[in-house]
There are 2 protein chains.
Amino acid sequence: MICEVLSVGTEILLGSIVNTNSQVISESLSSIGVTVYKHSTIGDNPTRLKEAIIDSLEKSNIIIMTGGLGPTDDDLTKEIVCQVLGVELELDEMSLDQIKKIFDKNGYTMSANNLKQAYFPKNSIIIKNNNGTANGMILNINDNIIILLPGPPNECVPMLKHTVIPYLKKLSKYKFNSTYLNFIGIGESELEAKLSHLIKNQSNPTIAPYANVGTVTLRITEKTKLGDDDYSKAEEVIKEVENIVGEFLYSKQNESIEEYIVKKMIEKGETISIAESCTGGMLSSSLVDVKGASKVFAEGIIAYDNESKINRLGVKRATIEKYGAVSEQTAREMAIGIRGDSSIGIAITGVSEGGEKEGVTFIGVSYKNKVNIFRYAFTSERNINRMKSVKKALEILKMILN
Amino acid sequence: MICEVLSVGTEILLGSIVNTNSQVISESLSSIGVTVYKHSTIGDNPTRLKEAIIDSLEKSNIIIMTGGLGPTDDDLTKEIVCQVLGVELELDEMSLDQIKKIFDKNGYTMSANNLKQAYFPKNSIIIKNNNGTANGMILNINDNIIILLPGPPNECVPMLKHTVIPYLKKLSKYKFNSTYLNFIGIGESELEAKLSHLIKNQSNPTIAPYANVGTVTLRITEKTKLGDDDYSKAEEVIKEVENIVGEFLYSKQNESIEEYIVKKMIEKGETISIAESCTGGMLSSSLVDVKGASKVFAEGIIAYDNESKINRLGVKRATIEKYGAVSEQTAREMAIGIRGDSSIGIAITGVSEGGEKEGVTFIGVSYKNKVNIFRYAFTSERNINRMKSVKKALEILKMILN
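Remember, predicted model here, so these are calculated numbers, not experimental data.

Definitions and cut-offs
Residues numbered from 1 in each chain as written. Chains lettered and ligands numbered in written order. Predicted model: local features only at pLDDT ≥ 70, side-chain atom pairs only at ≥ 80, totals over all residues. Heavy atoms only, no water. Phe/Tyr/Trp six-rings, centres within 6.5 Å; stacked < 30°, edge-to-face > 60°. Helix = DSSP H or I, 4+ residues; strand = E, 2+ residues; numbered from the N terminus. Buried < 20%, exposed > 50% of the residue type's maximum accessible area, 1.4 Å probe, protein only. Lys NZ or Arg CZ within 6 Å of the ring centre and 35° of its normal. Pairing = 2+ DSSP bridges. Axes fitted to C-alpha atoms, helices over the stretch in contact; angles between N-to-C directions. Contact = heavy atoms within 4.5 Å. Salt bridge = Lys/Arg side-chain N within 4 Å of Asp/Glu carboxyl O. Core = buried A, V, L, I, M, F, W, Y, C linked by side-chain atoms within 4.5 Å. Buried area = accessible area lost by both parts, 1.4 Å probe. Polar contact = N/O pair within 3.5 Å; in protein donor to acceptor, adjacent residues only side chain to side chain.

Trainee: Go over the packing of aromatic side chains with me, naming the residues and quoting the values.
Mentor: Applying the stated criterion across every chain, the model contains six aromatic pairs over all chains. Each ring, one from Tyr 250 of chain B and one from Tyr 260 of chain B, has its centre 5.5 Å from the other, and the planes form 55°; the classification is tilted. On the criterion of sequence distance, the pair formed by Tyr 250 of chain B in strand E12 (residues 249-251) and Tyr 260 of chain B in helix H10 (residues 257-268) is long-range, its members being 10 residues apart. The same class applies to Tyr 250 of chain B and to Tyr 260 of chain B, which are both buried. Ring centres 6.2 Å apart and planes at 15° place the aromatic pair Tyr 376 of chain B and Phe 378 of chain B in the stacked group. Each of the two residues, Tyr 376 of chain B as well as Phe 378 of chain B, counts as buried. One residue, Lys 223 of chain A, lies across the ring of Tyr 174 of chain A, its end atom 4.3 Å from the ring centre.

Written out as structure tokens, the structure reads:
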């Protein structure tokens, strides 16, 4: 089954909103083995809409359309689909009732425009919208399935999950099982180069890397027939990936490095205090983002100026004067100073300058009876350098927690 | 000038990532008067890529493509564009140098794959990427402009803003003069309702609101012929907007609330220290993000556990025991405790629970000889509640700095 996701809405083309529906639809379809071959977005324009529908019908056997089901004259998706397919619209009394009730409940008068929302293509399956007046619909004609959903994500997504996906799942002959491997400390291109023999020859399972700042995720997906639970081909690939780049693998659970660190610290009973300078609270904030962080995170000090480093962290004035605030020595004293009653103290001090100037960061870690200092140089823009410093700190935490 | 935005990447079609680039590109093009007639996304598949490029060339005179400029065999955008246009690739020594330097600096080995990233279509304009190895390019052939940008937003967006938009702006017969009005303390729908008579009847200038978490920006764009500097129509609209919702306007400079706060503090010679609990460093981090923050930001304490509130901020144990860590009284003592030698002390303490439970946040501000406490309730998800708390703190700072 091959699908195109066709979004309708001038507001998307103007950049007024991000098209998140396409992502949610694609993700849901992937999970049931429907291949999405294209996303398209067009404006509220009848000629282009018609062209786009005809074009999609040539290439896909499923089209999922979002938007253009509202009550205004601009909302034309249903009407154009019926034109293209030569299907008539007919009144659905249940939908009319439902719309009337919504208006009554909100104390508004139903306008003549809204009557339009109670009409549906003959023989279509109506998808009830619990969050608005625009019901959706499924048309199954000549082996083509066309599904129309409203544009607002809070209406579209529940209708997709509760009705569309179960409907399509019944039609599929295959299942898809994905494993996500999470890496840190290796770049996307280096990872790909090391695994190129696997990536080049992939068919089933498929292998796809995704890069974030500082981390890379590898998705390995095996397709099997319904009822067949043998995923040994994926397992073999995973084993080989581990043999080659296992040292950079931190999780097989599709979790962020922050989630992994917090989970690992809870498991090992560790607690952490964090001193930050150039990263201004980003490391602390990224850990506090994780549910359960309160079990491991004690406190953070953003010692941006030197007085704060001296007063709050006990860095010696002489150290800063002799070596500078961005130095191995200052990072060491900050890490020792912040640790307190926590089992881990970590400190970041650096210059995040971007552009021509190189950003330099020192990270100090006080753990057990040792203090280790790491130095990094970054060449990106200021805020990217800061994010990279945070990821390096997380990479160091991963090392000591292993 | 009519444009299609063509995104390349199987990861988008699989729903692994949201296509935010298309929105940013569309928004930027709108602001310089380029009409976007379509967004398309296709996978890393040479046949479909070729079809899509040929199709776009028929309908648009500008194509902006993102993705597929990486070092792997899957990355084919540049190669296919050259095939379609009949243009050769040639080595760019400067780009090669740049890539080598990035690998050297990060301590990685440059793989043979990366060499590919130093090749560009003959006679193309190279767009330097300051955040990665994939430089972009502009091809201007037979009145068609094809622009290739890398997929990762942190690379794509700066290249778009610094090079692509200024390049396209020069080619237009019209000028677009945009004023961005920045609001805080009013929601997008409330703002739209109050300005609906202006928004409904717009043609020139155009008026478009954009919402962020906690802030709204209104773009007012007047189109004039090159050489015509009469923007009086926009000025009239701006005046009327100010009359209606001026109390929520913090800037006419298209700046973030963080940038405004830092600028204003520098102007007034204020300095700030910040104590955070539930927001875990987000407020500090958001201010430190701003260039020049070191002039105003003294220090931040992330007092996540009660001991830290007591030891670092001097909150009385009795206060926490009697009123709780999330209370007006604790917020007050935190604000007083953090201020130190700074002219402003601000403290956030709250429960960011989302879902069924309401998130409650207290913000305390110590300024001059007064301490004020504000209470907020939020009903979104955990991390959105935290972001809203941060914006409320910034809104309070805006009030006291006015």
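Trainee: Residue-level account of the sheet that holds strand E2 (residues 35-42) of chain B, with values.
Mentor: Spatial strand order, E6(A)-E7(A)-E8(A)-E3(A)-E1(A)-E2(A)-E2(B)-E1(B)-E3(B)-E8(B)-E7(B)-E6(B): 12 strands in an open sheet with mixed pairing. Edge positions in the sheet fall to strand E6 (125-127) of chain A together with strand E6 (125-127) of chain B, since each of these pairs with one other strand and no more. If you compare each strand with its neighbour and ignore which way they point, the axes differ by 15° on average. One ladder, built from five bridges, connects strand E1 (residues 2-8) of chain B with strand E3 (residues 62-66) of chain B; its direction is parallel. Looking at the pairing, Val 5 of chain B lines up with Ile 64 of chain B of E3 of chain B. In this fold helix H3 (residues 46-59) of chain A packs onto strand E1 (2-8), strand E2 (35-42), strand E3 (62-66) and strand E8 (144-149) of chain A together with E2 of chain B, with an angle of close to 170° to the strand it touches most, E1 of chain A. Each of E1, E3, strand E7 (136-141) and E8 of chain A touches helix H4 (residues 77-85) of chain A; the most contacted strand, E8 of chain A, lies at about 165° to it.

Trainee: Requested: an account of the pairing of E1 of chain B, with residues and values cited.
Mentor: Strand residues, when the strand is regular, have side chains that alternate between the two faces of the sheet. Residue and element names in this part refer to chain B. Counting buried positions over the seven residues of E1 gives six, a clear majority of the element. Judged from the seven bridges that link them, E1 and E2 form a sheet pairing that is parallel. Note on E2: the bridge partner recorded for Ser 7 is Thr 41.

Trainee: Please provide a residue-by-residue account of the environment of Gln 202 of chain B, values included.
Mentor: All names here are of chain B. Within the fold, Gln 202 resides in the loop between helix H8 (196-200) and strand E10 (206-211). For Gln 202, a relative accessible area of 28% corresponds to the partly exposed category. As for Gln 202 and Asp 289, which are separated by 87 residues in sequence, their C-alpha atoms are 36 Å apart.

Trainee: So, the pattern of salt bridges: which residues are in play, and what are the values?
Mentor: Residues and elements named next belong to chain B. According to the stated counting rule, one finds 24 salt bridges over all chains in the structure shown. A salt bridge links Glu 79 to Lys 116, with the shortest nitrogen-to-oxygen separation between them at 3.9 Å. Of this pair, Glu 79 sits in helix H4 (residues 77-85) while Lys 116 is found in the loop between helix H5 (93-106) and strand E5 (119-121), placing the two residues 37 residues apart along the sequence. When its relative accessible area of 21% is taken as the criterion, Lys 116 is described as partly exposed. Close ionic contact of Lys 391 with Glu 258 constitutes a salt bridge, the shortest N to O distance being 3.7 Å. Placement of Lys 391 in helix H15 (residues 382-401) and of Glu 258 in helix H10 is noted, with a sequence separation of 133 residues between them. On the basis of relative accessibility, which here comes to 17%, the residue Lys 391 falls in the buried class.

Trainee: Describe in detail the nonpolar core, supporting the description with residues and values.
Mentor: Counting residues in each nonpolar core, the largest one holds 66 residues, and the members touching the most others are Ile 261 and Ile 346 of chain A together with Ile 261 and Ile 346 of chain B. Here Ile 346 of chain A is in contact with Ile 272, Ser 273, Ile 274, Ala 275, Leu 283, Ile 338, Ile 363, Gly 364, Val 365, Ala 393 and Leu 397 of chain A, once residues within four sequence places are set aside.

Trainee: Would you mind going over the interface of chain A and chain B in detail, with residue names and values included?
Mentor: In this complex, chain A contributes 72 residues to the contact, which on the side of chain B involves 69 residues. For the pairing of chain A and chain B, the buried interface totals around 5,700 Å² over both sides, and the portion due to carbon and sulfur atoms is 50%. Ranking the residues of chain A by area buried against chain B places Leu 13, Tyr 304 and Arg 312 of chain A at the top, with a combined share of 11%. In this structure, the connection of chain A to chain B is made through four salt bridges. Note that Arg 386 of chain B and Asp 289 of chain A form a salt bridge whose closest N and O atoms lie 2.0 Å from each other. At the boundary of chain A with chain B, the tally comes to 22 residue pairs in polar contact (both at pLDDT 80 or more).

Trainee: Lay out unusual backbone geometry with the relevant residues and their values.
Mentor: All names here are of chain B. You will see that Asp 143, though not glycine, has its phi angle at about 65°, which is positive. Among the residues examined, Asp 143 registers a relative accessible area of 70% and is labelled exposed. Not every positive phi belongs to a glycine, and Lys 368 is a case in point at roughly 50°. Following the sequence through the fold, Lys 368 ends up in the loop between strand E16 (359-367) and strand E17 (370-378). Residue classification places Lys 368 among the exposed residues on the basis of a relative accessible area of 60%.

Trainee: Residues and numbers for the environment of Val 216 of chain B, please.
Mentor: All names here are of chain B. When you line up the elements, Val 216 lands in strand E11 (residues 215-225). Here Val 216 falls in the buried class, since its relative accessible area comes to 3%. Along the sequence, Val 216 and Thr 349 sit 133 residues apart, while their C-alpha atoms lie 25 Å from each other. Apart from the residues within four sequence positions on either side, Val 216 is in contact with Leu 181, Asn 182, Phe 183, Ile 186, Gly 187, Glu 188, Leu 191, Pro 209, Tyr 210 and Ala 211.

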